[in-house]
Amino acid sequence: MKRFLALFFTFLCLNAFAAKPKHQYIKITTEKGECIIMLYNETPLHRDNFIKLAKQGYFNGSLFHRVIKSFMIQGGDPTSKNAHPDSLLGNGGPKYTIPAEVRDSLFHKKGVLAAAREGDNVNPEKASSGSQFYIVQGKTFTDEQLDQLEQKRLKHKIPDYQREVYKSIGGTPHLDRNYTVFGEVVKGLDMVDRIADVKTGKADRPVEDVAMTVTVLKKREAKKLEKALGLNKI
């Protein structure tokens, strides 16, 4: 009996050790700090594509080429690597798009990762860029401001729980249901604020380049992170 119990507990321990983290995570490192982003399982096409590119080193050395304070920071253009200061950036990427994975429950609160895309006039299906992304900084809103957005710009009512987030944490609600949100910063949100604060010039490009390195957290690192932040319960 004792031998059976010992084997049973050994099995449980091995099972726990082998258990996969609930999500996949990427780390973005810059001179302005670093952040860790949890990729949503609800948007598998975008998640898997981002993981693939990160493992290839696709983003390494590229810039946050478009920065607008109280709105967002944008990167993922491979042509931004070693780009001349006067270069017009924002048109580069792999020769494919990703089908939209817009989910009403995934909204533009501060810190979310979302996919850039071409406008509706040439892209009515809202397909995402193969590599370009943005991280929301946004701003906080009042109920009156959200009411005005609903009446003048949005085609939907903002759910109450999302309203509370926009009033307390902030974000960019006017982008909701138009761009695929596929992750969120779970650690290091101050990096986004620091980048959003840099001086910018033509086409909202930072005057001093902000380059990035993007890596994928290993399973052991991801499990440790989830335990520390309580994300293993989500």
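Definitions and cut-offs
The numbers attached to residues start from 1 for each chain and follow its sequence in the written order. Reporting of local features is limited, given that this is a predicted model, to residues whose pLDDT is at least 70; pairs of side-chain atoms are given and counted only at 80 or more, and all residues count toward the totals for whole chains, interfaces and linings. Water and hydrogen atoms play no part in the side-chain values, which are based on all heavy atoms of the structure. Any residue under 20% of the maximum accessible area for its type is buried, any over 50% is exposed, and the rest in between are partly exposed; the area is computed with a 1.4 Å probe on protein chains only. Put simply, DSSP H or I for four residues or longer makes a helix, DSSP E for two residues or longer makes a strand, and each gets a number counted from the N terminus. For this quantity, the arc is that covered by the directions from the helix axis to the C-beta atoms. Residues belong to one nonpolar core when they are buried, are Ala, Val, Leu, Ile, Met, Phe, Trp, Tyr or Cys, and are joined through side-chain atoms within 4.5 Å. Throughout, a residue-residue contact means that at least one pair of heavy atoms, one from each residue, lies within 4.5 Å. Strands are labelled as partners when DSSP assigns at least two bridges between them. A fitted line through C-alpha atoms represents every axis, and for helices the fit uses only the stretch in contact; the resulting angles, taken between N-to-C directions, go from 0 to 180 degrees.

What follows deals with helix 6 (residues 219-229). Inspection of helix 6 places Ala222, Leu225 and Glu226 among the buried residues, and these make up the whole buried set. For helix 6, the buried positions fall inside an angular range of 100 degrees around the axis, keeping them on one side. Among the exposed residues of helix 6, those pointing more than 90 degrees away from its buried face are Arg220, Lys224, Lys227 and Ala228. With its phi angle positive at about 75 degrees, Gly230 sits one or two positions after the end of helix 6.

One broad rule of soluble globular proteins: the nonpolar side chains tend to lie buried together. Grouped together as the largest cluster of nonpolar side chains are 28 residues, with contacts concentrated most on Ile28, Ile37, Phe64, Phe133 and Ile135. Mapped by element, the contributors of at least two residues to this core are strand 1 (24-30), strand 2 (33-39), helix 2 (44-56), strand 3 (64-68), strand 6 (112-115), strand 8 (133-136), strand 9 (181-187) and helix 5 (189-196). Ignoring sequence-local partners within four residues, the contact set of Ile28 consists of Gly33, Glu34, Cys35, Ile37, Phe64, Phe133, Ile135, Met191, Met212, Thr213 and Val214. With 18 residues, the next largest nonpolar core counts Tyr25, Ala116, Val136 and Val181 among its residues.

You will see that Ser70, though not glycine, has its phi angle at about 65 degrees, which is positive. Position of Ser70 among the secondary structure elements: in the loop between strand 3 and strand 4 (72-75). With a phi angle near 60 degrees, Ala203 is a residue other than glycine that sits in the positive phi range. Residue Ala203 is classed as partly exposed on the basis of its relative accessible area, which comes to 43%.

Two modes of strand pairing occur in sheets, parallel and antiparallel, and in both the strands are linked by backbone hydrogen bonds. Taken together, the 8 strands give an open sheet; going across it, the order is 3-4-8-6-9-2-1-10, and neighbouring strands pair in antiparallel fashion. Every interior strand has two partners, whereas the edge strands, strand 3 and strand 10 (213-216), have only one. Averaged over all adjacent pairs, the angle separating strand axes in this sheet is 25 degrees, with direction ignored. As paired elements, strand 1 and strand 2 share 7 bridges and run antiparallel to each other.

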